[in-house]
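# Inside the fold
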Amino acid sequence: MMEIDLTVIWAAIIAFGVFAYVVMDGFDLGIGILFPTFAVGDERDQAMNSIAPVWDGNETWLVLGGGGLFAAFPLAYAIILPATYPLIIAMLLGLVFRGVAFEFRWRDPKHRAFWDMAFTGGSFVAAMAQGMTLGAILQGVEVADRAYAGSWFDWLTPYTLLIGLGVVAGYALLGSTWLVWKTEGSAQDHAYKLAFRAAIATLAMLGAVSLYTPFLDANYFDRWFKMPGFLFASQVPLATAILAFFLFRGLAKRREVAPFWLALGIFLLGMAGLGVSMWPYVVPDQVTIWDAAAPYRSQVFMLIGVGLTMPLIIGYTGWAYWVFRGKVGTDGYH
Amino acid sequence: MWVVYGLLRTAGPLRRSMRPPGGLAVAFVLVYFAVFSAGTWYSLKPDGQAPPAGELGAKRGDTGPIRTAGITPGPTQNPGDPDVLPTSREEAE
């Protein structure tokens, strides 16, 4: 029997958790980012009600990603978090504000504007912080003695800001295509316009980051441009271009469902590109997944736990989306 | 003070770079106080307002006890009128 490497399985589980989080919380953070461009009243109510039943479930995956990293790759957790604490804390506080906005904005008409702002501000900060965290990891983390050895503001560079804005644009694309699917009338017309612009912004940022990264570090350059890896790696931007073509065509033809799934596909390819740049490192050029992995017995123990909970999470998530399928209308459960 | 009993003291895992995040955690305290205060205020505000005009309490003839009246619904459904409390289900209907 072939030996199964639990470290690789755990890396796959966490990659899946992060991807599930990015696309699911991605579209509801995106709606928060775009929220002020919708008219007060029907349009905003539709936009918010389209995610009200699912957004908190979406954030489950953040817990799985963070908790899983701590449990399965404790060394990576111990290095990456001290390097990015201000970003992580900003993200969590942003999520607090946008989370309560779902409940509080309906309570008092005089306070609605404030909580709408909290919804947008929180969403933007969370998206930006997530992108910058990714940037901070990709640009390299200073490690000495199995611990973070960098300084307090290493995460703040032009590169991390670029990725932060890229994630904001990408989430706006996911959010606007989701609204194209779930809303009607003037809100949908507006969502089509936003989706078109967000698609351009996302592809521009994706291109900028893809060109910047290989020149950040010679290792990245070799991974992308050296034969024979180039043959495989070059498929990622090619496939992205094809999906982008269908995305623009779908928007032009006013297709309702396809644009969201195409945007999702572009995110999946972005994730694949990330895999090309990082594998098998978890902290680039410093710590591989095997260096960071928890002891074998811990991996087995937690795998049983994940084996029980993950199907449950996928099941209830799928059910929630099924129950709330179709156009959202203006009457939410609030 | 042990973090892992018999193996690791609190002074062991604490590093210099950990201090500023410790300070930032105060932000959670502040934000939670602000958000929970707002929530409490939104919950209590309706209690201070009179019921909307035209909204009456439950009255005799309503079928079945209103659930919010608790396990002794009589005084709530027929306030100040103990004699007319229904004694049986048929009488109530």
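Residues numbered from 1 in each chain as written. Chains lettered and ligands numbered in written order. Predicted model: local features only at pLDDT ≥ 70, side-chain atom pairs only at ≥ 80, totals over all residues.

### Some words on the overall build of chain B
To keep it simple, the criterion reads: Here a helix means four or more residues in a row that DSSP labels H or I, a strand means two or more in a row labelled E, and each is numbered from the N terminus.
Counting secondary structure elements, chain B contains four helices and two strands. Going from N to C terminus, chain B has its helices and strands arranged as β-β-α-α-α-α.

### Considerations on the overall build of chain A
Note the following rule: The quantity called the radius of gyration is restricted to C-alpha atoms. Its globule counterpart is 2.2 Å times the number of residues to the power 0.38. Burial is judged by counting other C-beta atoms within 10 Å of a residue's own C-beta: 20 or more means buried, 12 or fewer means exposed, and anything between counts as partly exposed, with every C-beta placed from the backbone. Residues are defined as contacting one another if the C-beta atoms placed from their backbone atoms lie within 7 Å.
In terms of regular secondary structure, chain A is built from 14 helices and four strands. Over its C-alpha atoms chain A spans a radius of gyration of 20 Å, differing by no more than 12% from the 20 Å that the globule rule assigns to 334 residues. Here chain A, with 334 residues, has 44% of them falling under the buried criterion. Of the contacts made within chain A by residues no fewer than 6 positions apart, 78% connect residues no fewer than 24 positions apart.

### So, the packing of helix H1 (residues 6-34) of chain A against helix H4 (residues 60-72) of chain A
All names here are of chain A. To keep things clear, this is the line we draw: In this description, a line fitted to the C-alpha atoms serves as the axis of each element, helices being fitted only across the stretch in contact, and the angle between N-to-C directions of two axes falls anywhere from 0 to 180 degrees. Each angle is binned into one of four classes, with values under 35 degrees roughly parallel, values over 145 roughly antiparallel, values of 65 to 115 roughly perpendicular, and all other values oblique. The hand of a helix crossing depends on one turn: near helix anticlockwise from the far one by less than a right angle means left-handed, and clockwise means right-handed.
Where H1 meets H4, the axes come as close as 8 Å, and the angle between the chain directions of the two elements is 155 degrees. Classed by the angle they form, the pair H1 and H4 counts as roughly antiparallel. Here H1 runs over H4; the crossing is left-handed. Taken together, the residues of H4 that come into contact with H1 (itself represented by Trp10, Ile13, Ile14, Gly17, Val18, Ala20, Tyr21, Met24 and Asp25) are Trp61, Leu62, Leu64, Gly65, Gly68, Leu69 and Ala72.

### As for helix H2 (residues 42-49) of chain A
All names here are of chain A. Counted residue by residue, H2 has seven buried out of eight residues, so it is predominantly covered. Within H2, burial applies to Glu43, Arg44, Asp45, Gln46, Ala47, Met48 and Asn49. In this structure, the buried residues of H2 make contact with H1, helix H5 (74-104), helix H7 (158-182) and helix H8 (185-216).

### Some remarks on the environment of Val282 of chain A
Residues and elements named next belong to chain A. You can see Val282 is positioned in strand S3 (residues 281-283). A tally of 24 C-beta atoms within 10 Å means that Val282 is categorised as buried. Taking the C-alpha atoms as reference points, Val282 and Ile163, 119 residues apart in sequence, are found 18 Å from one another. In this structure Val282 touches Phe73, Ala76, Val287, Thr288, Ile289 and Ala292, once residues within four positions along its chain are discounted.

### Notes on unusual backbone geometry
All names here are of chain A. A cis amide bond links Trp279 with the next residue in sequence, Pro280, at an omega value of -5 degrees. With respect to the helices, strands and loops of the structure, Pro280 is situated in the loop between helix H12 (258-278) and S3. Phi at Asp145 takes a positive value of approximately 60 degrees, unusual for a residue other than glycine. Considering the arrangement of structural elements, one finds Asp145 in the loop between strand S1 (143-144) and strand S2 (147-148).

### A short note on H1 of chain A
Residue and element names in this part refer to chain A. Here is the rule: The span expected for a helix works out to 1.5 Å for each residue beyond the first. Here the bend at each residue means the angle between axes fitted to two seven-residue stretches, the one ending at that residue and the one beginning there.
Its 29 residues place the ends of H1 41 Å apart at the C-alpha level, agreeing with the 42 Å of an ideal helix rising 1.5 Å per residue. At Gly26, H1 is bent by approximately 35 degrees, the largest bend along its length. With 23 of 29 residues buried, H1 is to be regarded as a mostly interior element.

### Describing the packing of helix H11 (residues 235-252) of chain A against H12 of chain A
Residue and element names in this part refer to chain A. So the rule is basically this: Throughout this entry, Asp, Glu, Lys and Arg are counted as charged residues, while Ala, Val, Leu, Ile, Met, Phe, Trp, Tyr, Cys and Pro are counted as nonpolar. The remaining residues, Gly among them, count as polar.
In contact at an axis separation of 9 Å, H11 and H12 are set at 165 degrees when each is read in the N-to-C sense. Accordingly, the angle class assigned to the pair H11 and H12 is roughly antiparallel. The crossing of H11 and H12 is left-handed. Contacts between H11 and H12 involve Val236, Ala239, Thr240, Leu243, Ala244, Phe246, Leu247, Gly250 and Leu251 from the former and Ala258, Pro259, Leu262, Ala263, Gly265, Ile266, Leu269, Ala272, Gly273 and Val276 from the latter. Counted by class, the contact of H11 with H12 contains 15 nonpolar, four polar and no charged residues.

### Considerations on the confidence of the model for chain B
One rule of thumb: low pLDDT means the predicted coordinates there are not for detailed reading. To keep things clear, this is the line we draw: The score called pLDDT rates the predictor's confidence residue by residue, from a low of 0 to a high of 100.
In this model, chain B carries a mean pLDDT of 71, and residues with pLDDT of at least 70 account for 45%. Mean pLDDT values over the elements of chain B span from 55, in helix H4 (residues 89-92) of chain B, up to 93, in helix H2 (residues 26-44) of chain B.

### Considering the environment of Tyr21 of chain A
Relative to the helices and strands, Tyr21 of chain A resides in helix H1. A sequence separation of 37 residues divides Tyr21 of chain A from Asn58 of chain A, and the C-alpha atoms of the two residues are 6.4 Å apart.

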